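# Structural features, examined
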Amino acid sequence: MWGALQQKSGLATLVSSLKHGQVLERLVPMAFTPSRKLSTAAKEMTVRDALNSAIDEEMSADPKVFLMGEEVGEYQGAYKISKGLLQKFGPDRVLDTPITEAGFTGIGVGAAYYGLRPIVEFMTFNFAMQAIDQIINSAAKTNYMSAGQISVPIVFRGPNGAAAGVGAQHSHCYAAWYGSCPGLKVLTPYSAEDSRGLMKAAIRDPDPVIFLENELLYGESFPVSAECLDPSFCLPIGKAKIEREGKDVTITAFSKMVGYALQAAQELEKEGISAEVINLRSIRPLDRATINASVRKTSRLVTVEEGFPQHGIGAEICASVVEESFEYLDAPVERITGADVPMPYAANLERLAVPQVEDIVHASKRACYRAVPMSAVV
Amino acid sequence: MTTMSTARIPPASSPCIARKPKASSNTGKLPRVYVKPGWLRKDLMGSNLRFSEFRSAKLPCSPLTVSAIASASELVKERIETKSELLVTREEGLELYEDMILGRSFEDMCAQMYYRGKMFGFVHLYNGQEAVSTGFIKMLKAHDSVCSTYRDHVHALSKGVPARAVMSELFGKTTGCCRGQGGSMHMFSKEHGVLGGFAFIGEGIPVALGAAFSSKYKQEVLKDEKANAVTVAFFGDGTCNNGQFFESLNMAALWKLPIIFVVENNLWAIGMSHIRATSVPDIWEKGPAFGMPGVHVDGMDVLKVREVAKEAVARARRGDGPTLVECETYRFRGHSLADPDELRNPAEKAHYAARDPIVSLKKYLIENNLANESDLKSIEKKIDEIIEEAVEFADASPLPQRGQLLENVFADPKGFGIGPDGRYRCEDPGFTAGTAQV
């Protein structure tokens with residue numbers, strides 16, 4: 001999986017510089033947690049372990065939480081996220097389902113109507129399309145249709161978006177689809193800390209939560225603080241995180257693209273452009289306040305996402321910024337998205353179909369009027 | 001003693017019906033009825049009979065053409081003939097009568113109100129099918145749950161949701177059972193265990209399965225012995241071709257969930273006849289294929305439905321798993337109030353109108369001296385008053401306020417996110433007054 005390798009090498013550089021404690025200061029979101037600093041001797045955790053530990057702890061804390069999905073039990077999880085859970089909690093709480101997305105999603109929703117707290121795993125969110133009727137019509141809308149009588153405390157989780165070389169039907173990003181539906185909360189973690197905190201928040205939340213993970217991030221390691229490792233750790237839903245402060249251009253991203261944006265920011269730094277990188281964390285509700293505050297500071301915006309361009313996350317952010325911070329913009333909003341084509345299989349075409357670090361760098365430079373406009377084909 | 005007749009009854013000794021011995025009914029188990037495969041198809045293909053005509057026609061008993069729709073109807077008939085026992089007491093009979101009259105009067109009033117413009121959108125009426133709702137739901141306890149489709153008014157009423165709450169909901173008033181936010185197709189009541197109200201057919205079945213699952217989970221994992229609630233899922237013949245139906249049958253039998261799948265086979269899915277849409281029209285036959293009993297019952301006869309319901313509910317509550325019950329029934333009106341209902345044969349409609357469940361029950365009660373005309377008339381009068389009062393209440397109720405638009409989207413309203421001032425939008429006092437910006 002060369003795509004994963006490429007990604008890994010980029011992050012390895014980032015992580016190694018973290019170990020030297022140099023870049024650490026800049027990564028501390030000062031606006032977000034005012035008095036805490038990450039310990040320089042930070043423990044590292046993969047996203048996979050972060051998710052596993054979060055689900056494990058929440059299942060231990062509340063017997064109403066249970067996990068269901070394909071291969072979550074005996075197979076230890078299709079991507080090993082639920083490793084060890086069957087052994088620990090037994091087959092009553094970790095259920096291997098038949099390949100019936102619509103059916104078992106509906107079962108999860110019905111159980112949630114009655115106060116249980118299911119975590120429904122989709123092997124990928126592509127398969128969730130077979131269950132989308134249950135997600136939208138039975139889960140998202142029920143609290144409203146029943147006028148608050150029946151809430152649906154359910155979490156739908158699984159990998160979303162492109163992996164490497166998996167073809168058109170396995171690479172679709174659903175952030176925009178679910179992000180447009182009222183009644184849902186949509187979360188997109190990036191780091192291990194995001195994964196732990198947001199997963200716990202999702203499980204504790206009384207509303208249906210779509211938890212969009214990324215297959216290529218599962219194996220990535222991130223430093224985690226002692227606070228993050230605490231079982232009661234939780235991140236608020238609806239608040240974005242400023243991963244890197246800057247003053248020249250705002251770059252918003254979510255999920256895997258946060259890593260790319262951070263790399264792009266490093267490259268831009270060399271050219272004298274100070275980029276502020278925002279990790280959205282929450283697609284719905286979108287943290288428009290943070291995004292707008294950042295744009296009012298920098299006056300330029302680049303949105304990055306892996307999904308298709310039309311009606312995407314970037315479109316919504318752009319509209320939000322134009323509505324609320326129009327006078328502050330010094331340049332048109334730049335959107336970096338996946339190509340408007342079904343994901344090709346060939347490795348070189350796939351590379352062209354997803355955003356790369358260079359694309360983010362070029363877009364940021366364009367926003368700063370420092371580059372000649374590029375054509376669609378790089 | 002009169003019994004309500006099914007269309008045709010084959011001789012019990014017919015070679016083409018394989019059935020478990022009657023003793024099994026004493027142990028509380030429902031018989032599995034196995035039929036020679038292809039019996040119905042061959043006959044239909046040979047004679048071009050429409051399904052409804054076939055059911056009412058008298059055909060000679062031959063190995064391939066005899067109806068094997070024996071099962072529960074037969075069982076009940078035999079029980080009646082051999083034991084000479086009344087199927088209900090006076091109180092039970094009057095309760096059933098009142099519930100069916102409530103359903104019928106309510107639906108008739110809905111039609112009136114719709115044509116007067118008080119009700120709008122999609123309204124699907126239940127006239128003619130009351131025996132199924134009453135037969136099953138009156139066998140349930142208060143903590144059991146019912147899950148339905150868009151034809152859900154009468155299910156809600158039978159389960160105990162007050163008529164005025166349902167009427168207000170249909171008028172779109174804030175005093176409705178869902179505060180006017182659900183409407184005709186989305187009746188929910190947590191208090192009465194009504195899970196909806198789903199517009200997409202097949203959608204409610206897995207949700208009902210989830211309710212049954214939660215029952216089992218609470219018993220086994222949370223060790224709550226009192227959590228023995230049973231769920232009944234109502235849906236139609238059209239749904240039985242939908243993938244979610246089969247997925248649910250599989251998982252219900254696999255995990256032995258306390259659910260009863262009740263098929264209200266009224267032979268029509270809007271204008272699509274069941275026979276034109278289904279390769280094997282006997283829906284009850286699909287139960288054994290998934291490992292559960294499949295039972296067919298005359299859905300125009302509330303007493304027969306009740307007998308089947310009794311056993312199916314007991315089976316589920318015992319932990320023996322799901323049952324698939326196909327109720328042959330008929331809707332007297334069109335699919336919805338917007339349906340011109342041109343495709344159905346008037347002879348077919350007349351045939352079923354003659355089997356009106358309310359008329360049949362009335363006849364049974366009177367002939368068996370369980371009630372007299374004046375008892376039944378007083379029930380009808382009482383129901384009329386309830387319905388009138390419900391309409392007055394709904395008329396007088398206020399429309400929802402502006403601020404209600406944004407309410408109940410989330411159980412945790414922080415889901416609306418953070419406003420431009422950096423605070424959560426739901427903390428803005430203008431939010432629920434409907435004046436805040438979203």
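Chain B goes by Pyruvate dehydrogenase E1 component subunit alpha in an unreviewed UniProt entry, where it is assigned to Picea sitchensis. According to its UniProt record, chain B has this under Catalytic activity (unreviewed entry): "N(6)-[(R)-lipoyl]-L-lysyl-[protein] + pyruvate + H(+) = N(6)-[(R)-S(8)-acetyldihydrolipoyl]-L-lysyl-[protein] + CO2".

As annotated in an unreviewed UniProt entry, chain A carries the name Pyruvate dehydrogenase E1 component subunit beta and is attributed to Picea sitchensis. In its Subcellular location (unreviewed entry) section, the UniProt entry covering chain A states "Mitochondrion matrix". UniProt annotates chain A under Cofactor (unreviewed entry) with the comment "thiamine diphosphate".

## Comments concerning the overall build of chain B
When helices and strands are counted, chain B shows 16 helices and 11 strands. The buried share of chain B, taken over its 438 residues, is 60%. Counting only contacts in chain B whose residues sit at least 6 apart along the sequence, the fraction spanning at least 24 positions is 74%. Taken as a whole, chain B presents about 17,500 Å² of accessible surface, with 55% of it coming from carbon and sulfur.

## A look at the overall build of chain A
Check the secondary structure of chain A and you find 15 helices and 14 strands. Evaluated residue by residue, chain A yields a buried proportion of 62% over its 378 residues. Restricting to contacts in chain A with at least 6 residues of sequence separation, those with at least 24 account for 81%.

## What to know about the interface of chain B and chain A
Listed by partner, the interface residues are 53 residues for chain B and 54 residues for chain A. Interface area for chain B against chain A, summed over the two sides, is near 4,100 Å², with a carbon-plus-sulfur share of 64%. Broken down residue by residue, the surface that chain B buries against chain A is led by Phe188, Tyr217 and Ile418 of chain B, which jointly contribute 14%. Seen at the junction of chain B and chain A, the total is 1 salt bridge. Summed over the shared surface of chain B and chain A, the number is 20 residue pairs in polar contact (both at pLDDT 80 or more). Of all the secondary structure elements, the ones that give two or more residues to the side of chain B that touches chain A are β4 (188-189), β5 (194-197), α9 (204-220) and α10 (243-254) of chain B. The residue makeup of the side of chain B that touches chain A, split by class, is 26 nonpolar, 17 polar and 10 charged.

## Some thoughts on unusual backbone geometry
In this model, Arg284 of chain A is joined to Pro285 of chain A through a cis peptide bond whose omega is 0 degrees. The residue Pro285 of chain A is located in the loop between β12 (282-284) and α12 (288-298) in this model. With an omega dihedral of 15 degrees, the bond running from Gly196 of chain B to Gly197 of chain B counts as a cis peptide bond. Along the chain, Gly197 of chain B turns up in strand β5. Phi at Gln76 of chain A is positive, roughly 70 degrees, even though this residue is not glycine. Looking at where Gln76 of chain A falls in the secondary structure, it is placed in the loop between β2 (65-69) and α4 (85-89). Judged by relative accessible area, which is 16%, Gln76 of chain A ranks as buried. Phi at Leu267 of chain B takes a positive value of approximately 70 degrees, unusual for a residue other than glycine. Along the chain, Leu267 of chain B falls in the loop between β7 (259-265) and β8 (268-269).

## Details of helix α11 (residues 256-270) of chain A
Taking 1.5 Å as the rise per residue, α11 of chain A with 15 residues should run 21 Å; its terminal C-alpha atoms sit 23 Å apart, in good agreement. In the segment just after α11 of chain A, Gly272 of chain A is the residue with positive phi, at about 85 degrees.

## Quick look at the sheet that holds strand β6 (residues 231-236) of chain B
Residues and elements named next belong to chain B. The strand order across the open sheet formed by 7 strands is β4-β5-β3-β6-β7-β11-β10, and the pairing between neighbours is mixed. Strands at the two margins of the open sheet, each flanked by one partner only, are β4 and β10 (294-298). In the sheet, strand β3 (residues 145-148) pairs with β5 via 2 bridges, with the strands oriented parallel. Opposite Ser148, over in β5, you have Gly197 as the bridge partner.

## Remarks on the domain arrangement of chain A
All names here are of chain A. The domain boundaries assigned to chain A delineate domain 1 (43-229) and domain 2 (241-368). Computed from C-alpha coordinates alone, the two centres of domain 1 and domain 2 are separated by 26 Å. On the domain 2 side, the residues contacting the 31 residues of domain 1 number 24 residues. Taken together, both faces of the contact between domain 1 and domain 2 bury some 2,000 Å²; the carbon and sulfur share is 56%. At the boundary of domain 1 with domain 2, the tally comes to 2 salt bridges. Of all the secondary-structure elements, those providing two or more residues to the side of domain 1 that touches domain 2 are α8 (175-179), β6 (185-187) and α9 (192-204). Top contributing element to the side of domain 1 that touches domain 2 by residue count: α8, with 4 residues. Partitioned by chemical class, the residues of the side of domain 1 that touches domain 2 number 19 nonpolar, 9 polar and 3 charged.

## Description of the sheet that holds strand β7 (residues 209-213) of chain A
Residue and element names in this part refer to chain A. Reading across the sheet, the 7 strands line up as β3-β2-β4-β5-β7-β6-β12 and stay open at both edges, with mixed pairing between neighbours. The open sheet is flanked by β3 (94-96) and β12, the only strands paired with a single partner. The mean inter-strand angle of the sheet, taken between neighbouring strand axes irrespective of direction, is 20 degrees. The sheet contact formed by strand β5 (residues 155-159) and β7 spans 5 bridges and is parallel. Bridge assignment links Val155 to a residue of β7, and that residue is Val209.

Rules behind the numbers
- Residues numbered from 1 in each chain as written.
- Chains lettered and ligands numbered in written order.
- Predicted model: local features only at pLDDT ≥ 70, side-chain atom pairs only at ≥ 80, totals over all residues.
- Heavy atoms only, no water.
- UniProt positions renumbered as here; feature names shortened; annotations may be inferred.
- Helix = DSSP H or I, 4+ residues; strand = E, 2+ residues; numbered from the N terminus.
- Buried < 20%, exposed > 50% of the residue type's maximum accessible area, 1.4 Å probe, protein only.
- Contact = heavy atoms within 4.5 Å.
- Areas by Shrake-Rupley, 256 points an atom, 1.4 Å probe, with all protein chains shown as cover.
- Buried area = accessible area lost by both parts, 1.4 Å probe.
- Salt bridge = Lys/Arg side-chain N within 4 Å of Asp/Glu carboxyl O.
- Polar contact = N/O pair within 3.5 Å; in protein donor to acceptor, adjacent residues only side chain to side chain.
- Nonpolar A, V, L, I, M, F, W, Y, C, P; charged D, E, K, R; others polar.
- Expected span 1.5 Å × (residues − 1).
- Pairing = 2+ DSSP bridges.
- Domains from an automatic or database assignment.
- Axes fitted to C-alpha atoms, helices over the stretch in contact; angles between N-to-C directions.

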